[in-house]
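# Tertiary structure, described
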Amino acid sequence: MRKRKNVFWVALAAPGIIWLAILFVVPFYAVLSIAMGKLNQLYEAPVAVWNPVSWSSSNVINVWRDLFGSVSFAGPILVRTIVYVALASLLCLVIGYPAAYFVARFAGRRKGLFLVLLIAPFWISYMMRMLAWIDLLSTGGYVNKALGWVGISPVNWLGGNSATVVFGLVYGYIPYLILVQVILTGLLITVLPMLGDYYTNQMLSGAASTSMIGNLIQGQLGTPGLEAQGAVLSMLLLLVLLIPMIYYVIATNREAAR
Amino acid sequence: MTATNASAPETPAAVAAPATDTRTRRRPWRNPWGHPWFLEGFTWLYLAWSLVPIVIAVLFSFNNGRSQSAWQGFSWRWYFSDPVNSVWHNPQLHAAVIQTVRLSVLTTVIAVPLGVAFALGINRWRGPVPATFNFVMILSYVIPELIFGVSMFFVFTTLFSTVHLGTTAEVLGLVTWNVSWPAIVVQARLVTLGPQYEEAAADLGANQFQVLRRVLLPLLAPAIFASAVLVFSGVIDDFVIVDLLSSSAGNTPMSVIIYSTQHGGNGGPALNALGSIMLAMSLIIVVIGYIGYRLLTRGERGSGLTALTTIAGEG
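Residues numbered from 1 in each chain as written. Chains lettered and ligands numbered in written order. Predicted model: local features only at pLDDT ≥ 70, side-chain atom pairs only at ≥ 80, totals over all residues. Heavy atoms only, no water.

Further remarks concern the overall build of chain B. Helix and strand content of chain B: 16 helices and zero strands. A buried classification covers 56% of the 315 residues belonging to chain B. Put simply, 66% of the contacts in chain B that link residues at least 6 apart link residues at least 24 apart. Carbon and sulfur atoms make up 66% of the accessible area of chain B, which amounts to about 13800 Å² in all. (Helix = DSSP H or I, 4+ residues; strand = E, 2+ residues; numbered from the N terminus. Buried < 20%, exposed > 50% of the residue type's maximum accessible area, 1.4 Å probe, protein only. Contact = heavy atoms within 4.5 Å. Areas by Shrake-Rupley, 256 points an atom, 1.4 Å probe, with all protein chains shown as cover.)

Following this line, the structure appears as structure tokens:
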């Protein structure tokens, strides 16, 4: 009886487990095998090496040189990413916390209304939210018009302005922070996706002078000769983020268990 | 602030908890300044900053002209009147709307049963295998989307290259990315339900299938429904996975069209129209989700706010 019962639940879980194994675990092994693999010199295509015994570290060494070597082209990108994400998270906290605090403690009978308005950005496509700001920040847009009324000449907001990129990151990710009441997990839920963001940057700037680690990885996909480096970079990013990710899972479980 | 943190955690449902409210009333000396007008003003400013740009963008999708900042009269031009550049007549934009709907339906239909079955099984099956995969499931929930998308891109261009980039790859990627919603939402519901209903049913002679069909699934219906709403609206708004896994105009959904047309040049008001259509789709799903969730949880304790936060994925 006990045994049959067990088989029933195993059979229910099995499709999900098989799916995750084939389409989540195996893909990560594939990225690892490409990162530790070789390059086909003729086609400049990455060659995955599936057997860990014959893994080569040449791709990793190349990326490491790019990041930290003496002529590192990726070093400034790394520093820029850290600065942008730190600034944007700090601004998210400074802007988001008072609003969240007010709604949690003082909104009283209007709490429902405030909550609906705070949640609203979740239902609006991220791209639509960026598009709205592109309209406003364009040369003849409302922001420059408003500046014109107070006598300031139009600013080129789009096309390589660091301030715009940080602003876009704040605008994009602040709703997540507002709905999470614990500061540290709230910060994590904004920092984790910001580090893998390439679209905010690409839409609001698109210039190499503001590109972040996400842009670097995304640009290497589909570029002959560079794909393996993209694989290495995304594995490195995963490695760095693994500890905050696990912390986030434990912290949210603890909150939920309370 | 500590009071809020201690009593309420994480969810806006908890933001809505009345506990903090009564506490303020009982101890007025803790807030000697009365109503915090400054904070309230700040909150309204924040909300205006967060939502007014969207209202403007939607408004200008109805502009009878190309300008995004000078109103030239109301028109449906960018939706269907313009014979070349409207969403209806531009083949790329038209195809994008259809592709978004197709991806949302396919992903929901596959991911929800998969995730619900996984949650039920993993909740009862003890051992290292279910524990490991439960962890993998949670990992798939918190991993940055770019890292996941990169792994999908590589697996479909090398190991599983028989699955070409395109709709199939997009659906496989989206299902994997979204299956954690039903899995996590249903598991949370199972934990709150406890084993007593099933045990009672088993005592009355129901076998496993009957327990599942007659007892568990009806009790889980609100959670399953909420997760379906989350998956569907999540796919409408998804960008990274579909951006990395789409291959041609025929399989590019709306979010990617807005992104790729916009950067580097002004895509014009037809993009605003496309974005407004996405917004309308999400709103329809929210309304359906809200009404459906309230109907399914009739007779249970809980407010409209709980329903709202649950279908927003924060409950």
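That shown, we press on.
Within chain A one finds 11 helices and two strands. What you see in chain A, going N to C, is helices and strands ordered as α-β-β-α-α-α-α-α-α-α-α-α-α. Rg of the C-alpha trace for chain A: 23 Å, well past the compact-globule value of 18 Å for 258 residues, more than 25% over. Burial analysis of chain A (258 residues in total) assigns 52% to the buried set. Within chain A, counting contacts between residues at least 6 apart in sequence, those at least 24 apart form 61% of the total. Carbon and sulfur atoms provide 70% of the accessible area of chain A, an area that totals close to 11200 Å². Averaging the locations of the 15 positively and 6 negatively charged side chains of chain A gives two centres separated by 22 Å. (Rg over C-alpha atoms; globule rule 2.2 N^0.38 Å. Lys, Arg positive; Asp, Glu negative; His and termini not counted. Charge placed at Lys NZ, Arg CZ, Asp CG, Glu CD.)

Residues and elements named next belong to chain B. Where helix α4 (residues 37-60) meets helix α15 (residues 269-296), the closest approach of the two axes is 8 Å, and the angle between their N-to-C directions is 115°. At the point where α4 passes α15, the crossing takes the left-handed sense. Taking contact as the criterion, the partners of Ile54, Ala57, Val58 and Phe60 in α4 are, on α15, Pro269, Asn272, Ser276 and Leu279. (Axes fitted to C-alpha atoms, helices over the stretch in contact; angles between N-to-C directions. Left-handed = near helix turned anticlockwise from the far one by under 90°.)

This next bit is on the interface of chain A and chain B. Contact with chain A, which involves 99 residues of that partner, is made by 103 residues of chain B. Across the chain A to chain B interface the summed buried area is about 9600 Å²; carbon plus sulfur atoms make up 77%. Across the contact surface, chain A and chain B share one salt bridge. Put simply, Glu40 of chain B and Arg110 of chain A hold a salt bridge, and the shortest N to O gap is 2.9 Å. Along the contact surface separating chain A from chain B lie six residue pairs in polar contact (both at pLDDT 80 or more). Among the elements that make up the side of chain A that touches chain B, the one with the highest residue count is helix α1 (residues 2-35) of chain A (23 residues). Taken together, the residues of the side of chain A that touches chain B sort by class into 73 nonpolar, 16 polar and 10 charged. (Buried area = accessible area lost by both parts, 1.4 Å probe. Salt bridge = Lys/Arg side-chain N within 4 Å of Asp/Glu carboxyl O. Polar contact = N/O pair within 3.5 Å; in protein donor to acceptor, adjacent residues only side chain to side chain. Nonpolar A, V, L, I, M, F, W, Y, C, P; charged D, E, K, R; others polar.)

Residues and elements named next belong to chain B. Taken as a whole and assessed by the stated rule, the structure comprises three salt bridges over all chains. We note a salt bridge from Asp82 to Arg77, for which the minimum N-O separation is 3.5 Å. With a relative accessible area of 12%, Asp82 lands in the buried category. Assessed through its relative accessible area of 25%, Arg77 is described here as partly exposed.

Residues and elements named next belong to chain B. Summary statistics for chain B give a mean pLDDT of 84 and a share of 87% for residues scoring 70 or more. No element of chain B has a lower mean pLDDT than helix α1 (residues 2-7), which averages 36, and none a higher one than helix α9 (residues 167-178), which averages 96. Note that pLDDT drops below 50 for residues 1-24; the model gives that stretch 46 contacts with residues more than four away or on any other chain. Overall fold confidence for the complex sits at a pTM of 0.88, while the interface term, ipTM, reaches 0.91. (pLDDT = per-residue confidence, 0-100.)

It is worth spelling out the nonpolar core at this point. With 176 residues, the main nonpolar core has Tyr199 of chain A together with Leu120, Ile143, Phe156 and Leu274 of chain B as its most contacted residues. Aside from chain neighbours lying at most four places away, what touches Phe156 of chain B is Leu23 of chain A together with Ser161, Val163, Leu165, Ala169, Leu172 and Leu245 of chain B. (Core = buried A, V, L, I, M, F, W, Y, C linked by side-chain atoms within 4.5 Å.)

The next point concerns the environment of Met194 of chain A. On the secondary structure map, Met194 of chain A appears in helix α8 (residues 183-195). Met194 of chain A has contacts with Val85, Ala88, Ser89, Cys92, Leu169, Tyr173 and Met212 of chain A, leaving out every residue within four places of it along the chain.

Before going further, it helps to spend a moment on the packing of helix α5 (residues 126-137) of chain A against helix α6 (residues 142-149) of chain A. All names here are of chain A. Running from amino to carboxyl end, α5 crosses α6 at an angle of 35°, the nearest separation of the two axes being 5 Å. Contacts between α5 and α6 involve Trp133, Leu136 and Leu137 on the former and, on the latter, Tyr142, Val143 and Asn144. Here the contact of α5 with α6 is built from residues that sort into five nonpolar, one polar and no charged.

Below, the discussion takes up the packing of aromatic side chains. Summed over the entire model, instances satisfying the criterion amount to 38 aromatic pairs over all chains. The positively charged end of Arg129 of chain A is found above the aromatic ring belonging to Tyr171 of chain A, 4.8 Å away from the centroid. (Phe/Tyr/Trp six-rings, centres within 6.5 Å; stacked < 30°, edge-to-face > 60°. Lys NZ or Arg CZ within 6 Å of the ring centre and 35° of its normal.)

All names here are of chain B. Taking 1.5 Å as the rise per residue, helix α10 (residues 180-193) with 14 residues should run 20 Å; its terminal C-alpha atoms sit 20 Å apart, in good agreement. Listing the buried residues of α10 in full gives Ser180, Trp181, Pro182, Ala183, Val185, Val186, Gln187, Arg189, Leu190 and Leu193. For α10, the elements touching its buried residues are α6 (91-124), α7 (128-142), α9, α11 (196-203) and α12 (208-237). One or two steps after α10, the chain reaches Gly194, where phi turns positive at roughly 75°. (Expected span 1.5 Å × (residues − 1).)

Here we take up the environment of Ile134 of chain A. Looking at where Ile134 of chain A falls in the secondary structure, it is placed in helix α5. Sequence spacing of Ile134 of chain A and Gly168 of chain A is 34 residues, and the spatial spacing of their C-alpha atoms is 9.9 Å. Those residues in contact with Ile134 of chain A that lie beyond four places of it in its chain are Leu158, Met203 and Leu204 of chain A together with Gln262 of chain B.

Here the focus is the side chain of Ser211 of chain A. Residue and element names in this part refer to chain A. Relative to the helices and strands, Ser211 resides in the loop between α9 (199-204) and α10 (213-220). Of the residues examined, Ser211 reaches a relative accessible area of 14% and is grouped as buried. Residues in contact with Ser211, not counting those within four places in the same chain, are Ile77, Arg80 and Asn201.

Let us now look at the side chain of Arg129 of chain A. Here Arg129 of chain A shows up in helix α5. The charged side chain of Arg129 of chain A is buried without a salt bridge, its nearest counter-charge being Asp237 of chain B at 8.8 Å. One polar contact links the side chain of Arg129 of chain A to the main-chain carbonyl oxygen of Gly172 of chain A, over a distance of 3.1 Å.

Together, Leu59, Trp71, Phe74, Trp76, Phe80 and Trp88 of chain B give the surface a local cluster of nonpolar side chains, amounting to about 720 Å² of exposed area. Among the secondary structure elements, Phe80 of chain B is positioned in helix α5 (residues 77-81). (Patch = residues over 30% accessible without salt bridge, like charges linked within 9 Å, V, L, I, M, F, W, Y side chains within 5 Å.)

Here we come to α6 of chain B. With 34 residues, α6 of chain B extends 50 Å between its outermost C-alpha atoms, agreeing within 8% with the 50 Å of an ideal straight helix rising 1.5 Å per residue. For α6 of chain B, the side-chain oxygen to backbone nitrogen distance between the N-cap and Gln92 of chain B is 2.9 Å, and the N-cap itself is Asn90 of chain B.

Moving on: the environment of Leu245 of chain B. Residue and element names in this part refer to chain B. Relative to the helices and strands, Leu245 resides in helix α13 (residues 240-245). Taking the C-alpha atoms as reference, Leu245 lies 13 Å from Gln99; in sequence the two are 146 residues apart. Beyond its immediate chain neighbours, meaning those up to four positions away, Leu245 contacts Met152, Phe153, Phe156, Leu165, Gly166, Ala169, Glu170 and Gly173.

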